[in-house]
Amino acid sequence: MAFVQQSSPHARNARPTSRVMLWVIIAALPGLIAQTVFFGWGNLINVVWCIAVALASEAAFLKLRGKPVAFFLKDNTAAVTGLLLGLSLPQFAPWWVSAIAVITAIIIAKQLYGGLGSNPFNPAMVGYALVLISFPVAMTTNWAEAAMLFQGSPGFGETLARIFSASQTAVDGWTMATPLGEYKHKIASHTATEVLAHPTFGEGIARGWEWVNVAFLAGGLVLVFLRIITWHIPAGFLGGLVLMSLAFGANADQYAPLSLHLLAGGTMLGAFFIATDPVSAATSHHGKLIYGAGIGVLIYVIRSWGNYPDAVAFSVLLMNFAVPFIDYYTPPRAYGHHKARRGLPGKDQG
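None of these values were measured; they are calculated from a predicted model.

Asker: Got a minute to help me understand the overall build of the protein in this structure?
Answerer: From N to C terminus, the protein includes 16 helices and zero strands. Per-residue burial for the protein yields a buried fraction of 48% across its 350 residues. Working note: accessible area of the protein is about 17400 Å², and carbon and sulfur atoms make up 65% of it.

Put into structure tokens, the structure is as follows:
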């Protein structure tokens, strides 16, 4: 009789992996809807395309490894990887850029390490970082201009044709720099008032982006409420980002204000859906707080003094390197054992 071999952990849980991943997909839908409403059809098309490529890539590699394809595909982890990349990539990113990101995430960052439970790095962010470094033009010039769906944004057919064309160059009138990118590159020669007058920011904090981040925040809080994820990583993530912004970003004529850090770019998507990957993140509650705070601090450092305006992917990957160190020094209390005593031993401790 043949048995399916799986890596640890083997603990039984009322919520199988497939259901947990399904809840992650459901919780991300408000953010996807907000992206579609404010930036057109691009992210929706990217999500469908990336999920299809992720499932096909995983199926092909499982077949090569001689593993049962249906058994592993039904855990929904490949679909979540495709979803996260579809949400993160520019709305008009060429199809082949998205495909390279997804194939890299599934095959190199996940399957070559042994599959689910064995990957030390967040697969989606490995794929994103690779295409960001390899194809900077495609990844920086294809962000959609904020325009309400059916009220100025390109139609579904136009967007589909643009994504599946071979060109990397942006289309004038369809694309615009992201708010974080616009602020980062203009603040050196302009005042904050002049920069914020750009149409990218609109009348709010970051035209369209604030609502996308609020939608991902709402979905993330649902995951916390349902105990799909714990609050520790998002709290550490946002806390580290807030503390750094309060400490160094008081002068808006030098650095982006806190409101932009929180409600522009991929902050809430990163805090609740990317950094909380259960495989590549820290294990204990204390470790999760440290891990999340490290990501938040690195995001601010890279956004303010580095070359990339968003930096969620690089920050997550850098902290993935630190997870073994964090886990070593923040082990969870073993069941049945008392918490370790701290401080100098007293007389009763000999």
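Additional details are given in the paragraphs that follow.
Asker: Just to check I follow, could you spell out empty space enclosed by the protein for this structure?
Answerer: Any empty space left between atoms is shown by rolling a water-sized probe over those atoms. Across all of its chains, the model carries one cavity of 30 Å³ or more by this definition. By volume, the largest cavity is sized at about 70 Å³. Among the residues forming the lining of the largest cavity, the class breakdown is eight nonpolar, two polar and two charged.

Asker: Hey, could you run me through the packing of aromatic side chains in this one?
Answerer: Aromatic rings considered in pairs are described by the distance between their centres and by the relative angle of their planes. With the rule as written, the count across this model stands at 16 aromatic pairs. Ring geometry for W49 versus F164: centroids 5.4 Å apart, planes at 80 degrees, classification edge-to-face. Of this pair, W49 sits in helix α2 (residues 42-65) while F164 sits in the loop between α8 (156-163) and α9 (179-186), and the two are 115 residues apart along the sequence. The interplanar angle of 85 degrees and the centroid separation of 5.7 Å between the aromatic rings of F248 and W305 together place this pair among those described as edge-to-face. Of this pair, F248 sits in helix α12 (residues 232-248) while W305 sits in helix α15 (residues 285-305); the two residues are 57 residues apart in sequence, bridging distant segments of the chain. Given a relative accessible area of 42%, F248 falls into the partly exposed group.

Asker: Just checking my understanding: could you explain the pattern of salt bridges for this structure?
Answerer: If the charged atoms of two oppositely charged side chains come close together, the side chains can form a pair. Under the definition given, this model contains three salt bridges. In this structure, E182 and K186 form a salt bridge, with 2.7 Å as the shortest nitrogen-oxygen distance. Placement of both E182 and K186 in helix α9 is noted, with a separation of four residues, approximately one turn of the helix. Since its relative accessible area comes to 9%, E182 is described here as buried. K186 gets classed as partly exposed once you look at its relative accessible area, which sits at 32%.

Asker: Is there a simple way to explain the environment of A313 in this structure?
Answerer: Tracing the backbone shows A313 in helix α16 (residues 312-329). We classify A313 as buried; its relative accessible area is 5%. Sequence-wise, A313 and V126 are 187 residues apart; in three dimensions their C-alpha atoms are separated by 7.6 Å. Non-local contacts of A313, meaning those with residues more than four positions away in its chain, are made with M125 and Y128.

Asker: I'm lost on a nonpolar patch on the surface in this one. Help?
Answerer: On the surface, a cluster of nonpolar side chains totalling about 500 Å² of accessible area is made up of L22, W23, I26, L29, I33 and V222. The biggest single contributor to the nonpolar patch is helix α1 (residues 17-39), with five residues. Among the structural elements, I26 can be located in helix α1. Among the residues examined, I26 registers a relative accessible area of 40% and is labelled partly exposed.

Asker: How do you make sense of the environment of D277 when you look at a structure like this?
Answerer: Relative to the elements of secondary structure, D277 occurs in the loop between α14 (267-274) and α15. Separated by 48 residues in sequence, D277 and I229 place their C-alpha atoms 9.0 Å apart. Each residue touching D277, except ones within four places of it in the same chain, is listed here: N119, N122 and P123.

Asker: How should α14 be read in this particular structure?
Answerer: An α-helical turn contains 3.6 residues, so any two residues separated by three or four positions project in the same direction. Counting buried residues along α14, eight of its eight residues qualify, which places the element largely inside the surrounding structure. Of all the positions in α14, only T267, M268, L269, G270, A271, F272, F273 and I274 are classed as buried.

Asker: Looking at this structure, I do not really get the environment of L44. What am I missing?
Answerer: Turning to its location among the elements, L44 is positioned in helix α2. Residue L44 is classed as partly exposed on the basis of its relative accessible area of 28%. A C-alpha to C-alpha distance of 7.5 Å links L44 and G86, two positions 42 residues apart in sequence. Other than its neighbours up to four places away in sequence, L44 contacts L32 and T36.

Asker: Help me out: how do you make sense of unusual backbone geometry in this one?
Answerer: Note on backbone geometry: most residues besides glycine have negative phi, and most peptide bonds are trans. One non-glycine residue with positive phi stands out, namely N76, at about 70 degrees. Examined against the element boundaries, N76 turns out to sit in the loop between α3 (69-73) and α4 (77-88). Despite not being glycine, A311 has its phi angle at roughly 80 degrees, a positive value. With respect to the helices, strands and loops of the structure, A311 is situated in the loop between α15 and α16.

Each value, and the rule that gives it
- Residues numbered from 1 in each chain as written.
- Predicted model: local features only at pLDDT ≥ 70, side-chain atom pairs only at ≥ 80, totals over all residues.
- Heavy atoms only, no water.
- Helix = DSSP H or I, 4+ residues; strand = E, 2+ residues; numbered from the N terminus.
- Buried < 20%, exposed > 50% of the residue type's maximum accessible area, 1.4 Å probe, protein only.
- Areas by Shrake-Rupley, 256 points an atom, 1.4 Å probe, with all protein chains shown as cover.
- 1 Å grid on protein atoms, 1.4 Å probe; cavity = no way out; pocket = protein on both sides within 12 Å on 5 of 7 lines; lining within 4 Å.
- Points joined across faces, edges and corners; volume = space filled by probe spheres on them.
- Nonpolar A, V, L, I, M, F, W, Y, C, P; charged D, E, K, R; others polar.
- Phe/Tyr/Trp six-rings, centres within 6.5 Å; stacked < 30°, edge-to-face > 60°.
- Salt bridge = Lys/Arg side-chain N within 4 Å of Asp/Glu carboxyl O.
- Contact = heavy atoms within 4.5 Å.
- Patch = residues over 30% accessible without salt bridge, like charges linked within 9 Å, V, L, I, M, F, W, Y side chains within 5 Å.

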